[in-house]
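# What the coordinates show
As a plain string of letters, each chain reads:
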Amino acid sequence: NGGGFLYIASQIGYMVAGSTRTASKTFERLQFSDRRAADTNDPESNTPFYNVASGIANIYARDSFTAQRALISLNALYGDRFVLGLGVSHIPMVEGLRGHRYDKPLAAMSAYLDGINKSAPANELPVVVAALGPKMLALSAAKSRGAVPYNVTPRHTAEAAAILGPSKWLAVEQ
């Protein structure tokens, strides 16, 4: 959009925080990677790199084999840029709308991750878990690339980072 949304967001930040807190601050930074546009063979022409994530896909909506095959296919088609986020959903959605039996969240996610990681090297697939509690965060660290906690506080983020460890991904929406 030519930077229009970024400009508007910058102005809102200024209106909320004031000039003292926003002056000379970097609002967003464009980063380049070793990936390049498909229409060039020039290895020096780096392009902005963006991953695409599913958000939080309900594990009751498809079996783990189907999710694994879709993940592998999307990454094969789009240059390893897809990240699959998984969540256990909620009882009304799973039992009421979908007609499935809602299992204990930790056990259900553990079994699903075992299925999705079957025949794949440990933690090789770009999978993250919608994890809030310490047990689900620990499971995320053990069986996936990390966690995507939703609607959490900065304090929760610090606690989640400590549980996951420095080598795991933590993508937070606060």
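Residues numbered from 1 in each chain as written. Predicted model: local features only at pLDDT ≥ 70, side-chain atom pairs only at ≥ 80, totals over all residues. Heavy atoms only, no water.

### Some thoughts on the pattern of salt bridges
If charged atoms from side chains of opposite charge come close, those side chains can pair. Scanning all chains against the criterion turns up three salt bridges. Residue Lys-143 pairs with Asp-114 through a salt bridge whose shortest N-O separation is 2.7 Å. Of this pair, Lys-143 sits in helix α6 (residues 134–143) while Asp-114 sits in helix α5 (residues 105–117); the two residues are 29 residues apart in sequence, bridging distant segments of the chain. Between Glu-159 and Arg-155 there is a salt bridge, with its nearest N and O atoms 3.3 Å apart. Residue Glu-159 and its partner Arg-155 are both found in helix α7 (residues 154–164); the two are separated by four residues, about one turn of the helix. Glu-159 gets classed as partly exposed once you look at its relative accessible area, which sits at 40%. The exposed category is assigned to Arg-155, whose relative accessible area is 67%. (Salt bridge = Lys/Arg side-chain N within 4 Å of Asp/Glu carboxyl O. Helix = DSSP H or I, 4+ residues; strand = E, 2+ residues; numbered from the N terminus. Buried < 20%, exposed > 50% of the residue type's maximum accessible area, 1.4 Å probe, protein only.)

### A look at the packing of α5 against α6
Interhelical geometry of α5 versus α6 gives an angle of 10° and a closest axis separation of 10 Å. Taken together, the axis directions place α5 and α6 in an arrangement best described as roughly parallel. Every residue of α6 that contacts α5 at Pro-105, Leu-106, Met-109, Ser-110, Leu-113, Asp-114 and Asn-117 is listed here: Lys-135, Met-136, Leu-139 and Lys-143. Taken together, the residues of the contact of α5 with α6 break down into six nonpolar, two polar and three charged. (Axes fitted to C-alpha atoms, helices over the stretch in contact; angles between N-to-C directions. Parallel < 35°, antiparallel > 145°, perpendicular 65-115°, else oblique. Contact = heavy atoms within 4.5 Å. Nonpolar A, V, L, I, M, F, W, Y, C, P; charged D, E, K, R; others polar.)

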